[in-house]
Amino acid sequence: MVQKAKILLVDDRPENLLALEAILSALDQTLVRASSGEEALKALLTDDFAVILLDVQMPGMDGFETAAHIKRRERTRDIPIIFLTAINHGPHHTFRGYAAGAVDYISKPFDPWVLRAKVSVFVELYMKNCQLREQAALLRLQLEGGGKSDVGDSKEPAGLLAELSARLAAVEEQAEALSKQLDDESADAAAGATAAHLERKLTGLRRALDALEPGTGSGAPSLPSQN
């Protein structure tokens, strides 16, 4: 059973964290606070996160430096980062955010509905990825056991493959809808960064799923990382 996804909120101002929690509470996921870049990096050492909302302007380690540390780590480099900033120094400042590895860059004050919608897509992608990994592990057990499972699931491998494919198709459809939304509402850089991240993750999932088809080899390969 897939548990709730964790969303990391990073901001040095408590009132901003409170506002983010109010906006994202409707998603019914686990919201984790961090009041500095250092605190965020500590949280990332032990927990897996679906997405990170990262304030740019913080004392000490700012958002750009924090993102650079996140992207250098094997465990966390694929977690999508959405930068939040109250300042706007023009295109150069924005593109610096994308260069640091952000999938989106949102200026405050932002539309709560838009932010919630964007975060929800990454949460959904994370949850579907977790479900696919669980299904693939079950399928591997059935293939290794000649079609019999010890975990109480009566589905045949063919049925599981069909379910895996359906789940992935739903995520692909959602990713396409997000890309179109970003094309309509966001800067080109935001749309490109987000679409590229989703395409990388979905391509990896689709390749892993294709490898499970009969006649492609023995056993099931490992699916990509969860983020």
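Structure report, in brief.

Conventions we followed
- Residues numbered from 1 in each chain as written.
- Predicted model: local features only at pLDDT ≥ 70, side-chain atom pairs only at ≥ 80, totals over all residues.
- Heavy atoms only, no water.
- Helix = DSSP H or I, 4+ residues; strand = E, 2+ residues; numbered from the N terminus.
- Buried < 20%, exposed > 50% of the residue type's maximum accessible area, 1.4 Å probe, protein only.
- Contact = heavy atoms within 4.5 Å.
- Areas by Shrake-Rupley, 256 points an atom, 1.4 Å probe, with all protein chains shown as cover.
- Polar contact = N/O pair within 3.5 Å; in protein donor to acceptor, adjacent residues only side chain to side chain.

A word on the overall build of the chain. Of the regular secondary structure elements, the chain holds seven helices and five strands. Going from N to C terminus, the chain has its helices and strands arranged as β-α-β-α-β-α-β-α-β-α-α-α. Evaluated residue by residue, the chain yields a buried proportion of 45% over its 227 residues. Across the chain, contacts joining residues at least 24 apart in sequence account for 66% of those joining residues at least 6 apart. In the structure as shown, the chain presents an accessible area of about 11200 Å², 52% of it carried by carbon and sulfur atoms.

Right, let's get into the side chain of lysine 118. Tracing the chain through its elements places lysine 118 in helix H5 (residues 112–144). Side chain to side chain, lysine 118 and aspartate 104 meet in a polar contact 2.8 Å long.

A separate point is the side chain of threonine 76. Its place among the elements puts threonine 76 in the loop between helix H3 (63–72) and strand S4 (81–85). Judged by its relative accessible area of 1%, threonine 76 falls in the buried class. Among residues more than four places away in sequence, those in contact with threonine 76 are Leu44 and Ile70.

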